[in-house]
Amino acid sequence: MPKLSDVCRHIRSKNAGPFWITVDLFFKDEQAYRAHGRDPNISPELFSTLYGANPASIKFIPVDSLNVLKISYPRSAPQGWRGERDMHGGQQFAALLDVELIEKI
Amino acid sequence: MSELMSRPLGTQTITVLVPTGALGAGVDAADVARGIALGIDAIACDAGSTDSGPSYLARAVSKVSRESIRSDLSILIPAAFKAGVPLIVGSCGTSGADAGVDWTRDIALEVAQANGIAPKIALLYSEQSHATIEQKLAADKISSLSPATDISGGIIAECNHIVALMGVEPYIEALKQGADIVLGGRTTDTAVLGCVPIMKGAAPGLVWHAAKITECGGLCSVNPREGGVLFRIGDDSFEVEPLRLSNSCTPYTVSSHMLYENSDPFLLTEPGGILDVTCATYEAVDDRITKVTGSRWTPQPYTMKLEGADGGPFQTIMFIGIRDPKVLSSLEVFQERMLRQLNRRVETAIGEAAGDYDISLRVYGWSGVSGQTPAPGTPIPSEVGVMFVATASSQEMATRIAKTCNPIFFHFPLDAGLELPSYAFPFSPAEIERGQVYAFKLNHVVAVENGLELVRIGWADYPGAAKKEGEHA
């Protein structure tokens, strides 16, 4: 099974304001985007498990022109809380690299 | 050569130079000069964000140094003055609180005087009193954004500072009153860049879109480190061009910037309307310039986003480095045992006086960022750093907890009965008082009659200059 990092050329995460983190999955090309952009494993449940986000609030926004799937999720606690480990949210993407996809390459 | 020619885009072309993504991050004088030579109507950039955390708003203190701001303004103020175009800076002092505007004003006055010029400096204040926000709440003018946060029960009063994000209207008002420089409190990045084109009658969809693309300066270009950009708005399109000749703004870099720090790349709510770029198209003019069409703007009832932050508990930290292979091969067990021992020691030695405290261990090189146990089979690191964080209701108590934990933290053996180890630590004293934990409290918008209702406009006085009676009243 391919991993997300196998089919994307770049994966990043960043704050979108103090209460949200947004993830951009830049697929390698249009073919990879079409094959994996709607993989059922890239799901609200995944983001709930990895980041403690409320599944009902997670936004999945395909950006066809860029071969990008954008996912935005509410932080489980606001930016800067006492247990904060990633103020910019810039390292949160790493948990996604090894997510296994269902469809074949 | 196209690089030194203005490029008309229809009956009226309005050009804004964005020298940097954030004032204080660095401005290149040659880039600015090249942009001005292309023909511009304004220089604009923002100086703030919530991105670095709640401390800057809670304390109304700038993230970047006075020297950084002075260095950038020393290029921009004389350049704008000589070119005869306004200089617009929004979200002054990182947080855009009133103190941030005044701090930036003092630096601007110093720079102007050092250059022997006296541009007219408008000051826009958008910090809100607790009473104003309480009134708006009582009048049902405040609504929560998602995720909803509770602001009942005195939360508003607890905020050290509350700011409302301005739109273009206060800037336009200040410019109409003759401002050469406008220093604004908290403002949407896009309004800072868009105010001059909106004032001059450009199509709002194009303006807000162009401003959104260029709000981070060179980030919409191929080489983000290579200086700023400019945008020019025409009748039914806008163009984005980097200031530096070696850099490029391509349809890809320009359109993909809509992803950056936005939870939705197609729809953006701004004060007074919604920008919709769903149908926008991006095409290369040449290898450096991208042209955009199809951006739409839908007016909405006027709202301003609110930001508020307060101070909570205090933290004291300690740090050790570990290279002992036995400990490194059992990091999960090690930190679990150590944490239990630390809490036990605090309970024994300090007891209930410790109050609502917390001890957190963060093993950098292993799980310090994620806070989660790495997957089975994760290679054993060659060394790790362990940060100890004590959080308590006062700085004094956080430090007492750290000092109580000191002998255990620095000498905790993996197994009972082993000789006491000494882990590596770099500082003496070992404990560092980190200060207060601050928190964002508001995720709300306030409905207002118009963009000026919650904003105060002031004017900077040059030291030593006699103020004429009634001037700028």
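Above: the structure in question.
Analysis parameters
- Residues numbered from 1 in each chain as written.
- Chains lettered and ligands numbered in written order.
- Predicted model: local features only at pLDDT ≥ 70, side-chain atom pairs only at ≥ 80, totals over all residues.
- Helix = DSSP H or I, 4+ residues; strand = E, 2+ residues; numbered from the N terminus.
- Rg over C-alpha atoms; globule rule 2.2 N^0.38 Å.
- Buried ≥ 20, exposed ≤ 12 C-beta atoms within 10 Å, placed from the backbone.
- Contact = placed C-beta atoms within 7 Å.
- Axes fitted to C-alpha atoms, helices over the stretch in contact; angles between N-to-C directions.
- Parallel < 35°, antiparallel > 145°, perpendicular 65-115°, else oblique.
- Left-handed = near helix turned anticlockwise from the far one by under 90°.
- Nonpolar A, V, L, I, M, F, W, Y, C, P; charged D, E, K, R; others polar.

Peer 1: Hey, could you run me through the overall build of chain A in this one?
Peer 2: Scanning chain A from N- to C-terminus turns up 3 helices and 4 strands. The N-to-C order of helical and strand elements in chain A reads α-β-β-α-α-β-β. Its C-alpha radius of gyration of 13 Å places chain A within 12% of the 13 Å reference for a compact globule of 105 residues. Seen along its three principal axes, the alpha-carbon backbone of chain A occupies a region of about 40 × 25 × 20 Å. Scored against the burial criterion, the 105 residues of chain A give a buried share of 37%. In chain A, 63% of the contacts between residues at least 6 apart in sequence involve partners at least 24 apart.

Peer 1: What exactly am I supposed to notice about the overall build of chain B here?
Peer 2: Secondary structure assignment for chain B yields 13 helices and 21 strands. Along the longest, intermediate and shortest principal axes, the C-alpha atoms of chain B span 85 × 55 × 45 Å.

Peer 1: Would you take a moment to explain the packing of helix H1 (residues 29–37) of chain B against helix H3 (residues 66–83) of chain B for this structure?
Peer 2: Each packed pair of helices is defined by two parameters, the angle between the axes and the distance between the axes. All names here are of chain B. Contact geometry for H1 and H3: axes closest at 11 Å, N-to-C directions at 20°. It follows that H1 is roughly parallel to H3 by the angle criterion. Considering the relative orientation of H1 and H3, their crossing is right-handed. The residues of H3 that touch H1, namely those facing Ala29, Val32 and Ile36, are Ile75, Leu76, Ala79 and Ala83. The class makeup of the residues in the contact of H1 with H3 is 7 nonpolar, no polar and no charged.

Peer 1: Please explain the environment of B:Ala79 as it appears in this structure.
Peer 2: Residues and elements named next belong to chain B. Along the chain, alanine 79 turns up in helix H3. Along the backbone, alanine 79 and alanine 29 are 50 residues apart, and their C-alpha atoms lie at a distance of 8.6 Å. Excluding residues that lie within four positions of it along the chain, alanine 79 makes contacts with Val32 and Ile36.

Peer 1: What am I meant to see in the environment of B:Val389 here?
Peer 2: Residues and elements named next belong to chain B. In this structure, valine 389 sits in strand S18 (residues 384–392). In this structure, the C-alpha to C-alpha distance between valine 389 and threonine 316, residues 73 residues apart in sequence, is 6.0 Å. Ignoring anything within four residues of it in the chain, the contact list for valine 389 reads Gln315, Ile317, Ser360 and Arg362.

Peer 1: Please explain the packing of helix H12 (residues 331–349) of chain B against helix H13 (residues 395–411) of chain B as it appears in this structure.
Peer 2: Residue and element names in this part refer to chain B. Taken N-terminus to C-terminus, the directions of H12 and H13 make an angle of 135°; their axes are 9 Å apart at the nearest point. Here H13 runs oblique to H12, going by the angle between their axes. The element H12 and its partner H13 pack so that their crossing is right-handed. Each of Met338, Gln341, Leu342, Arg345, Val346 and Ala349 in H12 lies in contact with H13, whose residues at this interface are Ile401, Thr404, Cys405, Ile408 and Phe409. Of the residues assigned to the contact of H12 with H13, the class counts are 8 nonpolar, 2 polar and 1 charged.

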